[in-house]
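Letter by letter, the chains look like this.
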Amino acid sequence: GNSVTQMEGPVTLSEEAFLTINCTYTATGYPSLFWYVQYPGEGLQLLLKATKADDKGSNKGFEATYRKETTSFHLEKGSVQVSDSAVYFCALARPSYGKLTFGQGTILTVHP
Amino acid sequence: EAGVVQSPRYKIIEKKQPVAFWCNPISGHNTLYWYLQNLGQGPELLIRYENEEAVDDSQLPKDRFSAERLKGVDSTLKIQPAELGDSAVYLCASSPGTSGSTDTQYFGPGTRLTVL
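Here's a quick rundown of the structure.

Procedures and definitions
Residues numbered from 1 in each chain as written. Chains lettered and ligands numbered in written order. Predicted model: local features only at pLDDT ≥ 70, side-chain atom pairs only at ≥ 80, totals over all residues. Heavy atoms only, no water. Helix = DSSP H or I, 4+ residues; strand = E, 2+ residues; numbered from the N terminus. Rg over C-alpha atoms; globule rule 2.2 N^0.38 Å. Buried < 20%, exposed > 50% of the residue type's maximum accessible area, 1.4 Å probe, protein only. Contact = heavy atoms within 4.5 Å. Core = buried A, V, L, I, M, F, W, Y, C linked by side-chain atoms within 4.5 Å. Buried area = accessible area lost by both parts, 1.4 Å probe. Salt bridge = Lys/Arg side-chain N within 4 Å of Asp/Glu carboxyl O. Polar contact = N/O pair within 3.5 Å; in protein donor to acceptor, adjacent residues only side chain to side chain. Nonpolar A, V, L, I, M, F, W, Y, C, P; charged D, E, K, R; others polar. Disulfide = S-S within 2.5 Å.

## What about the overall build of chain A?
Step number 1: Each helix and strand in chain A was counted, giving zero helices and twelve strands.
Step number 2: In sequence order, the secondary structure elements of chain A are arranged as β-β-β-β-β-β-β-β-β-β-β-β.
Step number 3: The C-alpha atoms of chain A give 13 Å as radius of gyration, which agrees with the globular expectation for 112 residues (13 Å, within 12%).
Step number 4: Referenced to the eigenvectors of the C-alpha coordinate spread, the extents of chain A come out at roughly 45 × 25 × 20 Å.
Step number 5: Burial statistics for chain A: of 112 residues in total, 45% are counted as buried.
Step number 6: The contacts in chain A between residues at least 6 apart in sequence include a share of 56% that link residues at least 24 apart.

## Some points on the nonpolar core
In summary, soluble globular proteins display a tendency toward joint burial of nonpolar side chains.
All names here are of chain A.
Step number 1: Leu19, Trp35, Leu47, Leu48, Phe73, Leu75 and Tyr88 are the most contacted members of the largest nonpolar core, which has 26 residues in total.
Step number 2: Listing elements by their share of this core, those giving two or more residues are strand S2 (11-14), strand S3 (19-21), strand S4 (23-26), strand S5 (32-38), strand S6 (44-50), strand S8 (62-65), strand S10 (86-94) and strand S12 (106-111).
Step number 3: In terms of residue count, S10 provides more of this core than any other element does, four residues in total.
Step number 4: When residues no more than four places from it in sequence are discounted, the contact partners of leucine 48 are Leu33, Phe34, Trp35, Gly57, Ser58, Asn59, Phe62, Glu63, Ala64, Phe73 and Leu75.

## Thoughts on unusual backbone geometry
Step number 1: Of note, the bond from serine 7 of chain B into proline 8 of chain B is cis; its omega dihedral lies within 30 degrees of zero at -10°.
Step number 2: Tracing the chain through its elements places proline 8 of chain B in the loop between strand S1 (5-7) and strand S2 (10-13).

## Section: the environment of phenylalanine 65 of chain B
Residue and element names in this part refer to chain B.
Step number 1: Its place among the elements puts phenylalanine 65 in strand S7 (residues 65-68).
Step number 2: Overall, phenylalanine 65 belongs to the buried group, its relative accessible area being 6%.
Step number 3: Expressed as a C-alpha distance, the spacing of phenylalanine 65 and proline 81, which sit 16 residues apart in the sequence, is 8.5 Å.
Step number 4: Sequence-distant contacts of phenylalanine 65, that is, excluding residues within four places in its chain, are made with Leu60, Leu77, Lys78, Ile79, Asp86 and Tyr90.

## Section: the interface of chain A and chain B
Step number 1: The partner chain B presents 22 residues to the 22 residues of chain A that form the contact.
Step number 2: Carbon and sulfur atoms make up 51% of the area that chain A and chain B hide from each other, which totals about 1500 Å².
Step number 3: Together, Leu44, Gly98 and Lys99 of chain A form the three largest contributors to the area buried by chain A at its contact with chain B, with a combined 28%.
Step number 4: In this structure, the connection of chain A to chain B is made through zero salt bridges.
Step number 5: At the surface where chain A touches chain B, the tally comes to two residue pairs in polar contact (both at pLDDT 80 or more).
Step number 6: Within the residue set of the side of chain A that touches chain B, elements represented by two or more residues are S5, S6, S10 and strand S11 (97-102) of chain A.
Step number 7: In terms of residues, the side of chain A that touches chain B owes the most to one element, S11 of chain A, which gives five residues.
Step number 8: Looking at the side of chain A that touches chain B residue by residue, the classes come out as ten nonpolar, nine polar and three charged.

## Quick look at the state of the cysteines
Residues and elements named next belong to chain A.
Step number 1: Taken as a whole and assessed by the stated rule, the structure comprises two disulfides over all chains.
Step number 2: Sulfur-sulfur distance for the disulfide between cysteine 23 and cysteine 90 comes to 2.0 Å. Here the disulfide of cysteine 23 and cysteine 90 is left-handed, its torsion about the S-S bond being about -70°. One end of the pair, cysteine 23, is in strand S4; the other, cysteine 90, is in strand S10, and 67 residues separate them in sequence. Here cysteine 23 matches cysteine 90 in class, with each residue buried.

What is shown is where atoms sit, not what they do.
Take a look at the structure:
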């Protein structure tokens, strides 16, 4: 079946530090990959997505590249801000089946 | 454009009581999803609607859970009777295309249910 595995959290960083949150997946076929973010007290929001191998999704300084050979979609940001503190979810969806399969989420806390 | 609306935002009930959650998707979105999110975990799909048809309810515990999407717009998710283990956040999401696409899913703020 389909599954998503994220690095264990929580992750605590100082402002302007480099961020990596690892995400690997198991899926049949060629899924689309997503990163969703959940800020405190708010609903899930799409952060970025990639729909085929070697695609790079980017938004708000965050990037992730769809790596089919390593079945990975790691999230990176060069310089985090306090406002990036949130829970980050990696997810996949098979093209013929719109259901999202989520990882367990990674809590990110950024200190000034 | 208004986002996905859910109500109530919070609900506290005693076990064995019934409870209902309501969702109003983004206008024009054909596909509606209900997800369950347990504490510290990612959301898991309960049911997916394409217009008014439930196209995937394989993860819905049908002995106590039911859902409907009349006229292919608003949807209601019901639990009767509630159990302690049902305490969680219930998320509604919608997307513009059919469920066979990978359109972005837009999530509501969720309903946090506490069963005492």
